[in-house]
Amino acid sequence: MNTVFLRKALPIIFGALFLFSPAKADEGMWLPLYLKQLEGKMQQMGSKLTADDIYNVNKASIKDAIVSFGGFCTGEIVSSKGLVFTNHHCGYDAIAELSTTQNNWLRDGFWAASHDKELHVEGLSVKILVRMEDVTAKVKGVDGKDAIIKKLKEEAAKEGPGYEAEVKSFYYDNEYYLLVYQVFKDIRLVGTPPESVGKFGGDTDNWMWPRHTGDFSIFRIYVDANNNPAEYSPNNKPYTPKHSLPISLKGVQKGDFSFIMGFPGRTQRYLTSDAVRKTVFTDYPMMANVMEKKLNVQKSFMDKDEAIKLQLASDYASFANTWKYFLGNVYAAKTSDFIEKKEQFEKEFTAWANADESRKAKYGNLVADMKKAVEADPANDKVMSYLNFSLFGSQMVGYAVKYYQAAMMMGDGDTIPEPVMGMLAANKESLDKDFKNYNAKVDRAVFSTMLDLFMSDIPKESWPELLTKGDYTKVKAKKGQSRTEAYTDMLYSKSIFADKGRMKAWLDKPSAKTFRADPGYSFLQAVISVYMTSAGKNSAADKAYDELMKTYMAAIREFKPNDMFYPDANFTLRLTYGSIMPYDGRDAISYNHITSYKGILEKEVPGDLEFDVPAKLKNLLVTKDFGRYAENGDLKVNFLSNNDITGGNSGSPVINGEGHLIGIAFDGNWDSMVGDLSFQKKVQRTISVDIRYVLWFIEKYAGAQNIIDELKIVS
Ligand code: ARG
């Protein structure tokens, strides 16, 4: 835990701080604002860049080519016409939404031959960081903090066209930063490989190495005539960026310097041993178990029906990704000694705290208090998890939640108040969208499976009353039917929330009385009432814990004043640097740092959903038509580096010491799955798709010379 960061990096003490270069070059998600302190170390490792080349608010720098993609991924600008590379799994939702069974881009891939063929993606936006600023002194411990934050954001938003700003908490509310972005709202799909390439290996290979996935997709940013962000318009034109990344065909060698910039979402590297133990060994297996049941139901339908597969594809993929993430944490925790290391650190910390009277008063009981907070109410934690994933797990219930506030405002009266009518009108507007990916057949199967699971795993005293004396007990089961099946049938054949036609009919002529009599609404009410009780207890515990963490975070920085502590990931722009590197896994397993096209052919299972290789691809590989993208006659596919990334970094550029793009990061490896809780120095690796495979695929498979011609390729 003796990690990193120089927070109070006032320019005036830069020189002094330079002495504390970070002990571990590979660990750390660094704020670009403080790169000056890492510059020397990076150059020592092979970087030819200065901190200013990477982050500069006064002139174009590499950060101007890095975009937050949709708020959940990262992308990089690779041409002077606003072309963006990201992962296939980042574009997945957009691709699935644009697909139909007739034009199935998800299955077949998509390549726009010219700008006018590019497909606008409803609701997708990207943002570029304009600047960031430490506003801790303006915000922390000040009365009316919220008002100050609001003002800071409003003022920053006025600085430029399409600007939006946020103030984010770092180090558990010990520091605050203002982040100013330019937000682009007209984003179009330019190209994507078929899913069999973009997601080659499927859920089986997910989170694993060796990998052979072409996990990339291509988008474009459109702007108005003045190169400013604008809502979608057919008249918009491609964005001219301040900077775009040149692409290197040199390839990667073991030990080469590499850095990654992107928007990592969430890490919890500073939690105490008790918290991580509970997270990994109690919470994760429990949630994975519930999730798996739902996934199995959905998959049984998706495998049989292409339309259902398209409907559910995106939700399923992200849910399955999280499910496997939880399992991977349990797996990786077994071989890591990170919990013991945390315990050791806590012992030393507590001894240090107790060695001084005033410290003792502040910090002496901190670790013990956190243990108490973490372990306060396991039964309630379980109820919360189950509610989230089981009783709220069906789309029908998820949709009904949308009406909860309206229901509260409706009260018991017969007439529906004006503001509620406004809400209902909005719901009517979005009806098609809300039901687009709804399939009643699948959803009722999910619902009944989840309900049974809840009732078998959660003690009766925590059940919603509806299950012990309400609707559920009153329904009559047909012969051979369980009560849950009978209840589910009743719900799905009657409730307005379970059918678009019924919902529309009700929205056309809303009646408070019918609403209150709806069995779906009764279910929602019953579940929410349990949820409120449970969440109430939970949020009190969370709040207490957060307060303790805030103190602990400050305390450990006081304990180790010479260490640099980087802040946990929070979807803000970060940089991680390291090198291309293989690793040794479990006993007797050594992994190479790079994979070859040969592995694609080895893994091929014709007709398989995960390992089928399209005939065209196979033909190109077998005939070794690799052109200038080959390395000694071989086509490289994916590679490893010891950069420190997490979810949200997906799609991030892997950049060499010259500032050229060499790969697109898309995953982490199975041996280091606890990495979000503790960086696993020996085994933690970033998995990236080699940019030469990406370009080869675009040129040879897709024949999209128009895209190749746009790029700045250096060889
Ligand atoms: N594990 C990757 C991540 O969390 C996502 C990989 C998507 N691919 C897949 N086969 N599901 O960023």
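Definitions and limits used
Residues numbered from 1 in each chain as written. Predicted model: local features only at pLDDT ≥ 70, side-chain atom pairs only at ≥ 80, totals over all residues. Heavy atoms only, no water. Patch = residues over 30% accessible without salt bridge, like charges linked within 9 Å, V, L, I, M, F, W, Y side chains within 5 Å. Areas by Shrake-Rupley, 256 points an atom, 1.4 Å probe, with all protein chains shown as cover. Salt bridge = Lys/Arg side-chain N within 4 Å of Asp/Glu carboxyl O. Lys, Arg positive; Asp, Glu negative; His and termini not counted. Charge placed at Lys NZ, Arg CZ, Asp CG, Glu CD. Helix = DSSP H or I, 4+ residues; strand = E, 2+ residues; numbered from the N terminus. Buried < 20%, exposed > 50% of the residue type's maximum accessible area, 1.4 Å probe, protein only. Core = buried A, V, L, I, M, F, W, Y, C linked by side-chain atoms within 4.5 Å. Near = heavy atom within 4 Å. Polar contact = N/O pair within 3.5 Å; in protein donor to acceptor, adjacent residues only side chain to side chain. Nonpolar A, V, L, I, M, F, W, Y, C, P; charged D, E, K, R; others polar.

Attention now goes to a negative patch on the surface. On the surface, a cluster of negative charge is made up of Asp 173, Asp 542, Asp 546 and Glu 547. Take Asp 546: it is sitting in helix H26 (residues 519–559). A relative accessible area of 44% places Asp 546 in the partly exposed class.

A separate point is the nonpolar core. Counting residues in hydrophobic clusters, the biggest one holds 209 residues, and the most contacted among them are Phe 85 and Phe 259. Top contributing element to this core by residue count: H26, with 15 residues. Grouped together as the second largest cluster of nonpolar side chains are 12 residues, Tyr 163, Ala 165, Val 167 and Leu 178 included.

Our focus in this paragraph is the site of the ligand. Inspection of the region around the ligand gives His 89, Lys 199, Gly 202, Asp 203, Asn 206, Trp 207, Asn 321, Ser 650, Phe 666 and Asp 667 as its neighbouring residues. Note that an oxygen atom of the ligand is positioned 2.8 Å from one of the side-chain N or O atoms of Ser 650. The side chain of Asp 667 places a nitrogen or oxygen atom 2.7 Å from a nitrogen atom of the ligand. Burial of the ligand by the surrounding chains reaches 91%, relative to a free accessible area of 350 Å². Listed by contribution, the elements that provide at least two residues to the shell around the ligand are helix H9 (202–205) and strand E20 (661–668). Residue composition of the shell around the ligand, grouped by class: two nonpolar, five polar and three charged.

As a further point, take the pattern of salt bridges. On inspection of all chains with the given rule, the structure shows 45 salt bridges. For Asp 274, the salt bridge is made with Lys 371, and the minimal N-O distance between the two is 3.5 Å. Of this pair, Asp 274 sits in helix H10 (residues 273–302) while Lys 371 sits in helix H14 (residues 366–374), placing them 97 residues apart in sequence. Residue Lys 371 is classed as partly exposed on the basis of its relative accessible area of 37%. A salt bridge links Lys 469 to Glu 465; its shortest N-O distance comes to 3.8 Å. For Lys 469, a relative accessible area of 56% corresponds to the exposed category. Connected via shared salt-bridge partners are Asp 274, Arg 277, Glu 343, Lys 371 and Glu 375.

Just geometry here; none of it tells us what the structure is for.
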